[in-house]
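The residues making up each chain are set out below.
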Protein chains: 2
Amino acid sequence: MEEWGGKSYFKLEFVSNPKTLVKNWKEKGGKVVHLTMYGLNLTEKVSELAQINVPLLVIVGSEKVEGWYYYNADYNIAVSNQPHSEVSALAIFLDRIYKGEELNISFSDARLLIIPKERGKEVVRRE
Amino acid sequence: MEEWGGKSYFKLEFVSNPKTLVKNWKEKGGKVVHLTMYGLNLTEKVSELAQINVPLLVIVGSEKVEGWYYYNADYNIAVSNQPHSEVSALAIFLDRIYKGEELNISFSDARLLIIPKERGKEVVRRE
């Protein structure tokens, strides 16, 4: 984030008790989406999800996600009912929610800026 | 693939000389897309790419991709001009090319089938 910006967009935090995070999120009126290949297909639910106008917590896990999350999430959503990369599931989910607009984001605090090119690399440094 | 199917869709292979693969691909009339954050934004090129009707080779690499690939690819395409996961870039690229239809694929040779559910997991085994 120092180089590529986004400090006002992103905040990274480790939490020791993720269940408490989920509970507090819901108590404050937020919604919780758990991405899992066992859930309902994203295609069917995307218009409903895109209309959520409260803060959204998205949970992605690996193979060992406890049943608790399935039962406490407001939505269990499958980015296809096939095994897949969790990182990619999050990317596709956000892409649908943001309707592709995330590809055009540029961060005002970025020090490094890429100039899109047909060939090669061009990076500008702003001081 | 034994369990989840897709043997007729996917073939995994290690190649010792990826440059030869690229050269042969182009000689046989195929096109080559290299996904890199330094390229032209996917949003601008997606309709052109979706119209390619010859076999498409997609290259994703990590930080150390040689300049050779930038100059021998037919297209250098950025899934956003920001640092990002290569796996996610491939997912977003394929999602756009397939217009989301990949989320509905089911493989006829799959032994395990997920029944989409609002809560919990349901998997059917076919023998």
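Preceding this paragraph is the structure being described.
Computed from a predicted model, the values in this text were never measured in an experiment.

1. What to know about the overall build of chain A
At step 1: From N to C terminus, chain A includes four helices and five strands.
At step 2: Going from N to C terminus, chain A has its helices and strands arranged as α-β-α-β-α-β-α-β-β.
At step 3: Dimensions of chain A, computed from C-alpha atoms along their principal axes, come out at roughly 50 × 30 × 30 Å.
At step 4: When each of the 127 residues of chain A is scored for burial, the buried share is 20%.
At step 5: Counted over contacts in chain A with a minimum sequence separation of 6, partners at least 24 positions apart contribute 74%.

2. Re unusual backbone geometry
Residue and element names in this part refer to chain A.
At step 1: Even without a glycine there, the phi angle at Ser80 is positive, about 80°.
At step 2: Considering the arrangement of structural elements, one finds Ser80 in the loop between strand S3 (75–78) and helix H4 (86–97).
At step 3: A positive phi angle, close to 55°, is found at Lys99, a residue other than glycine.
At step 4: By secondary structure assignment, the location of Lys99 is in the loop between H4 and strand S4 (112–114).

3. Let's talk about the sheet that holds strand S2 (residues 56–60) of chain B
All names here are of chain B.
At step 1: Taken in spatial order, the three strands make up an open sheet running S2-S1-S3, and their pairing is parallel. Two strands lie at the open edges of the sheet, namely S2 and strand S3 (75–78), each paired on one side alone. In this sheet, adjacent strand axes meet at a mean angle of 40° when their direction is disregarded.
At step 2: As paired elements, strand S1 (residues 31–41) and S2 share five bridges and run parallel to each other.

4. A word on the relation of the copies chain A and chain B
At step 1: By a simple turn and slide, chain A fits onto chain B: the slide is 0.0 Å along the axis, the RMSD is 0.0 Å, and the turn is 180°. A rotation of that kind, with that shift, is consistent with a two-fold axis. Taking C-alpha positions as the reference, the residue of chain A nearest the rotation axis is Ser88 of chain A, at 2.2 Å.
At step 2: A high fraction, 100%, of the interface residues of chain A reappear at the interface in chain B, so the copies pair face to face through one surface.

5. Observations regarding the nonpolar core
At step 1: Core analysis: the largest hydrophobic core is formed by 35 residues, its most contacted members being Val79 of chain A together with Leu35, Val79 and Ile92 of chain B.
At step 2: If you list the elements that add at least two residues to this core, you get strand S1 (31–41), S3 and H4 of chain A together with S1, S3 and helix H4 (86–97) of chain B.
At step 3: Apart from the residues lying within four places of it in its own chain, the contact partners of Val79 of chain A are Leu35, Leu42, His84, Ala89, Ile92 and Phe93 of chain A together with Leu103 of chain B.

6. Examining the sheet that holds S1 of chain A
In sheet architecture, strand pairing relies on hydrogen bonds along the backbone and comes in two forms, parallel and antiparallel.
Residues and elements named next belong to chain A.
At step 1: Across the sheet, three strands lie side by side as S2-S1-S3; this open sheet has parallel pairing. In this open sheet, the two strands that pair with only one neighbour each are strand S2 (56–60) and S3. Taking the axes of each pair of neighbouring strands and ignoring which way they run, one obtains an average angle of 40° across the sheet.
At step 2: Where S1 and S3 come together, five bridges link them in parallel fashion. Its bridge partner being in S3, Asn41 is matched across the sheet by Ala78.
At step 3: Where H4 meets the sheet, it contacts S1 and S2, and its direction lies at approximately 155° from that of S2.

About the cut-offs
- Residues numbered from 1 in each chain as written.
- Chains lettered and ligands numbered in written order.
- Predicted model: local features only at pLDDT ≥ 70, side-chain atom pairs only at ≥ 80, totals over all residues.
- Helix = DSSP H or I, 4+ residues; strand = E, 2+ residues; numbered from the N terminus.
- Buried ≥ 20, exposed ≤ 12 C-beta atoms within 10 Å, placed from the backbone.
- Contact = placed C-beta atoms within 7 Å.
- Pairing = 2+ DSSP bridges.
- Axes fitted to C-alpha atoms, helices over the stretch in contact; angles between N-to-C directions.
- Least-squares fit on C-alpha atoms with pLDDT ≥ 70 in both.
- Core = buried A, V, L, I, M, F, W, Y, C linked by C-beta atoms within 7 Å.

Shape descriptors only; they carry no functional weight alone.
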